[in-house]
Amino acid sequence: MIELINIQKKYLLKNKSINALNDINIKFEEGKLYGIMGESGSGKSTLMQIIGLLIEPTSGILKIDGHNASKLSEKNIANLRKEKLAYIFQSFNLIPTMNVTENVILPLYTNRNLTKKEKVEKVNNLLNSLGIGNRNKHYPNQLSGGEQQRVAIARALCNNPDIILADEPTASLDKENAIKILSILKKLSNQNKCVIVICHDDIIKDYADEIIYLKNGRM
Ligand SMILES: Nc1ncnc2c1ncn2[C@@H]1O[C@H](COP(=O)(O)OP(=O)(O)OP(=O)(O)O)[C@@H](O)[C@H]1O
Ligand SMILES: [Mg+2]
């Protein structure tokens, strides 16, 4: 489903080049949950942003469903991002002027197959399953870090994506809630989705089918 071939990523910052990723070769399949581990600065978020089509590698090939991502048109990339991929950011990226329901419903905005009522119902079910159904009218600054994280997760799941990318989705959660989130992500992988999770906590080992360790940008 996703294949990375000899991926390298260099960042240029004030004439200084930072080698964030080197020699990354890996395949991600549907129906599996992958854990990405490694110390801070080892390249985990960079790797995820490349898979999520948010940044381009400096060299190497990224294939999605057999298509070379660098050969796809802007429009195809935008459609992939909208319809196939879900990205849960390390910082939650919630819209501060929208309440929880409005934030979560965003990806459904252009969906013409559902009525407004069905969309709200879908969002409410998702929020309930994540244990934040009673926070739907709150604004992001009225939520704890863990609650904001769950809103970000609900928003990502709203569009029923095939590929779910989560950058430290459990970082601001207590153990009980971390287990809840990982169980939900595991369930999604069992529904034949490809789930990739960055996690610095060993707890991920209980859920992942495979763990990828990064060290100084190498696997
Ligand atoms: N936009 C950028 N410009 C320049 N350097 C960057 C940029 N983004 C990341 N880096 C550098 O690339 C390296 C890898 O960063 P990355 O964010 O992928 O690490 P990480 O493993 O996700 O770390 P953390 O666990 O702290 O989130 C780091 O040395 C970082 O400073
Ligand atoms: Mg990171």
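All values reported here derive from a predicted model rather than from experimental measurement.

S.K.: How do you make sense of helix α4 (residues 116–129) when you look at a structure like this?
M.R.: For α4, spanning 14 residues, the distance from its first C-alpha to its last is 20 Å, which sits close to the expected 20 Å at 1.5 Å a residue. Inspection of α4 places Lys119, Val123, Leu126 and Leu127 among the buried residues, and these make up the whole buried set. Down the axis of α4, the buried set is contained in an arc of 100 degrees. They therefore lie on one face. Structural note: α4 exposes Lys117 and Asn128 on the side pointing more than 90 degrees away from its buried face. On its buried face, α4 is in contact with α3 (100–105) and α5 (145–157).

S.K.: Which parts of the structure should I look at to understand the pairing of strand β4 (residues 59–64)?
M.R.: One face of the sheet, then the other: side chains in a regular strand alternate in exactly this way. For strand β1 (residues 2–13) and β4, the ladder comprises five bridges, and the chain directions are antiparallel. Each residue of the ladder has a partner; that of Gln8, found in β4, is Ser59. Where β4 meets strand β5 (residues 67–68), two bridges bridge the pair, whose relative direction is antiparallel. Residue pairing across strands places Ile64 opposite His67, the latter belonging to β5. Hairpin connection of β4 to β5: two residues between the antiparallel strands, including Asp65 at a positive phi of 50 degrees.

S.K.: Got a minute to help me understand the layout of surface pockets in this structure?
M.R.: It is a probe the size of a water molecule, rolled over the atoms, that shows where empty space is left. What the largest pocket holds in volume is close to 480 Å³. Forming the boundary of the largest pocket are 22 residues, of which Arg81, Leu85, Ala86, Tyr87 and Pro107 lie nearest the centre. Going through the elements one at a time, α2 (74–83), β6 (85–88) and α5 are the ones with two or more residues in the lining of the largest pocket. Per element, the largest residue contribution to the lining of the largest pocket is four residues, and it comes from β6. In terms of residue class, the lining of the largest pocket is built from 15 nonpolar, four polar and three charged. In this structure, the second largest pocket occupies an estimated 320 Å³ of space. For the lining of the second largest pocket, the secondary structure elements donating two or more residues are β4 and α2. For the lining of the second largest pocket, the residue count by class is 10 nonpolar, four polar and three charged.

S.K.: Could you clarify how one ought to interpret the sheet that holds strand β9 (residues 210–213) in this entry?
M.R.: Hydrogen bonds between backbone atoms are what pair the strands of a sheet, whose relative direction is either parallel or antiparallel. Here we have five strands laid out as an open sheet, ordered β6-β7-β8-β3-β9, and parallel in their pairing. Of all the strands in the sheet, just β6 and β9 have a single pairing partner and so form its edges. The mean angle between the axes of side-by-side strands here comes to 15 degrees, regardless of whether they run parallel or antiparallel. Of the pairings in the sheet, the one linking β6 to strand β7 (residues 163–167) comprises four bridges and is parallel in character. For Ala86, the partnering residue across the bridge sits in β7 and is Ile164. The strands touched by helix α6 (residues 175–190) within the sheet are β3 (33–37), β7 and β8 (194–198), with β8 carrying the most contacts at an inclination of about 150 degrees.

S.K.: Can you help me understand unusual backbone geometry in this one?
M.R.: The phi angle of most residues is negative, glycine excepted, and most peptide bonds adopt the trans form. Residues other than glycine seldom take positive phi values, yet Asn15 does so here, at roughly 65 degrees. You can see Asn15 is positioned in the loop between β1 and β2 (16–28). The backbone of Asp23 shows a phi angle near 50 degrees, a positive value even though the residue is not glycine.

Conventions and cut-offs
- Residues numbered from 1 in each chain as written.
- Chains lettered and ligands numbered in written order.
- Predicted model: local features only at pLDDT ≥ 70, side-chain atom pairs only at ≥ 80, totals over all residues.
- Heavy atoms only, no water.
- Helix = DSSP H or I, 4+ residues; strand = E, 2+ residues; numbered from the N terminus.
- Expected span 1.5 Å × (residues − 1).
- Buried < 20%, exposed > 50% of the residue type's maximum accessible area, 1.4 Å probe, protein only.
- Arc of directions from axis to C-beta.
- Contact = heavy atoms within 4.5 Å.
- Pairing = 2+ DSSP bridges.
- 1 Å grid on protein atoms, 1.4 Å probe; cavity = no way out; pocket = protein on both sides within 12 Å on 5 of 7 lines; lining within 4 Å.
- Points joined across faces, edges and corners; volume = space filled by probe spheres on them.
- Nonpolar A, V, L, I, M, F, W, Y, C, P; charged D, E, K, R; others polar.
- Axes fitted to C-alpha atoms, helices over the stretch in contact; angles between N-to-C directions.

Keep in mind these values describe shape, not function.
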